[in-house]
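Residue strings, one per chain:
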Amino acid sequence: MKRQGASSGRKRARIPSGKAGAANGFLMEVCVDSVESAVNAERGGADRIELCSGLVEGGTTPSMGVLQVVKQYVQIPVFVMIRPRGGDFLYSDREVEVMKADIRLAKLYGADGLVFGALTEDGHIDKELCMSLIAICRPLPVTFHRAFDMVHDPMAALETLLTLGFERVLTSGCDISALEGLPLIKRLIDQAKGRIVVMPGLSDITVPPRKRVNESERVWGGITDRNLQRILEGSGATEFHCSARLARDSGMKFRGLTDTATDSEFLFRLMEAQSQTCIPQDSEEYYSLQCTSFYASPFYSLVL
């Protein structure tokens, strides 16, 4: 019996974590929802992992079992998503109880940082709730996730996050993608002046596998090296966030479904390309990718 994720005939060399990104002056955080994706992210050169579950719902709190096993297999920092459900970021008292309990458990099982966000009904940062959650998170660092893209006034919200003590904020510039939101991202980074890390979230969809004459060729989903380079140059950001996921056929022979996972080779090529000449579009190593909206994506409502 062959389990899903069992090694195939093609072996992949492990790439030192963070090597490609560090060499180019930026840090790459990769969003993953499984142990396999976490291992692949580290192998591909990721500097940090954001661990979550329920990517179809935009990312929710992972199980403590996943966190425990991920910590056994990777050495890079693992930041854990704290989000009790999909949907909006206005939480009930009972949901807040869940979030507090999940933070305590995530710390117990080895989280290196926590990621969460909460808003009021009128689109402002929920200062009272965030303050109470941060108190439980400490001494670990905290990231405010892409709930930030739903705020009424991004510039004022950034100052609120600074006052509360968040170390970083994930955003696509309150637009359909980080590329589209580049002007606002640049303004936020300029306003932050190094007091908080503004981390562009590079949204991506997963494109289903496409059959070709050469079955080894694959279609990748996500961002291009060109998009990343434009955001690097246009924003001055030093940290980035993506999932670098590849659609693949299920190992099931009976009623198998398409599966997805972070791909180490794609992630490494993506970051390595920033120090090299762009890959020619007619070459076999060119990957057809698309940066897309977390609002419009038919696959994910939000990649946090």
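Up top you'll find the structure we're talking about.
Residues numbered from 1 in each chain as written. Predicted model: local features only at pLDDT ≥ 70, side-chain atom pairs only at ≥ 80, totals over all residues. Heavy atoms only, no water.

Would you mind going over the overall build of the protein in detail, with residue names and values included?
If you tally the helices and strands in the protein, you get 9 helices and 10 strands. By residue count, 52% of the 304 residues in the protein fall in the buried class. Here the contacts in the protein between residues at least 6 apart in sequence split such that 71% fall between residues at least 24 apart. Accessible surface for the protein amounts to roughly 14,200 Å². Of this, 52% is attributable to carbon and sulfur atoms. (Helix = DSSP H or I, 4+ residues; strand = E, 2+ residues; numbered from the N terminus. Buried < 20%, exposed > 50% of the residue type's maximum accessible area, 1.4 Å probe, protein only. Contact = heavy atoms within 4.5 Å. Areas by Shrake-Rupley, 256 points an atom, 1.4 Å probe, with all protein chains shown as cover.)

Just give me the short version of the packing of aromatic side chains, but keep the residues and values in it.
In total, this model carries 3 aromatic pairs according to the counting rule given. Considering the side-chain rings of F144 and F166, the 5.3 Å spacing of their centres and the 85° angle between planes classify their relative orientation as edge-to-face. Separated by 22 residues along the polypeptide, F144 in strand β5 (residues 142-144) and F166 in the loop between α6 (154-164) and β6 (168-171) bring together distant segments of the chain. Neither residue differs from the other here; F144 and F166 are each classed as buried. Among the aromatic residues, those joined into a ring-pair cluster are F116, F144 and F166. (Phe/Tyr/Trp six-rings, centres within 6.5 Å; stacked < 30°, edge-to-face > 60°.)

Got a sec to walk through helix α5 (residues 127-137)? Specific residues and values, please.
Listed in full, the buried residues belonging to α5 are L129, C130, L133, I134, I136 and C137. The buried side chains of α5 occupy one side of the element, clustering within an arc of 160° when seen end-on. Residues E128, M131 and A135 are exposed on α5 and point more than 90 degrees away from its buried face. Its buried side turned inward, α5 meets α4 (93-108), β4 (113-116), β5 and α6. (Arc of directions from axis to C-beta.)

Requested: an account of the sheet that holds strand β2 (residues 48-51), with residues and values cited.
An order of β7-β6-β5-β4-β3-β2-β1-β8 is seen for the 8 strands of this open sheet, with the pairing classed as parallel. Strands at the two margins of the open sheet, each flanked by one partner only, are β7 (197-200) and β8 (239-242). In this sheet, adjacent strand axes meet at a mean angle of 25° when their direction is disregarded. Two elements, β5 and β6, share 2 bridges in a ladder whose sense is parallel. In the strand pairing of β6, F144 is matched with V169. Packed on one face of the sheet, α5 meets β4 and β5 and runs near 165° to β4. (Pairing = 2+ DSSP bridges. Axes fitted to C-alpha atoms, helices over the stretch in contact; angles between N-to-C directions.)

An account of the packing of helix α2 (residues 35-43) against helix α3 (residues 64-73) is requested, with residue identities and associated values reported.
Relative orientation of the contacting elements α2 and α3 amounts to 30°, with a least axis distance of 9 Å. Between α2 and α3, the angle is such that the two are roughly parallel. Taken as a pair, α2 and α3 cross one another with a handedness that is right-handed. Facing α2, whose interface residues are V35, A38, V39 and E42, α3 presents V66, V69, V70 and Y73. (Parallel < 35°, antiparallel > 145°, perpendicular 65-115°, else oblique. Left-handed = near helix turned anticlockwise from the far one by under 90°.)

Account for the nonpolar core, with residues named and values stated.
Side chains of a nonpolar character, in soluble globular proteins, are inclined to be buried together. I49, L114, F116, I125, F144 and F166 are the most contacted members of the largest nonpolar core, which has 65 residues in total. Not counting the four nearest positions on each side in its chain, F144 is found in contact with F116, G117, A118, L119, I125, C130, L161, F166, R168, V169 and L170. (Core = buried A, V, L, I, M, F, W, Y, C linked by side-chain atoms within 4.5 Å.)

Mind laying out the pattern of salt bridges, listing which residues take part and the relevant values?
Between side chains of opposite charge, pairing is possible as soon as their charged atoms come close. In this structure the tally under the stated criterion is 10 salt bridges. A salt bridge links E167 to R138, with the nearest nitrogen and oxygen atoms 3.2 Å apart. Taken as a pair, E167 in the loop between α6 and β6 and R138 in the loop between α5 and β5 lie far apart in primary sequence, 29 residues in all. Judged by relative accessible area, which is 30%, E167 ranks as partly exposed. You can call R138 partly exposed: its relative accessible area is 30%. When salt bridges that share partners are traced, they join E29, R48, R168 and E239 into one network. (Salt bridge = Lys/Arg side-chain N within 4 Å of Asp/Glu carboxyl O.)

Which residues make up a nonpolar patch on the surface, and what are the values?
On the surface, L105, L108 and Y109 cluster together into a nonpolar patch covering about 290 Å² of accessible area. By secondary structure assignment, the location of L108 is in helix α4. (Patch = residues over 30% accessible without salt bridge, like charges linked within 9 Å, V, L, I, M, F, W, Y side chains within 5 Å.)

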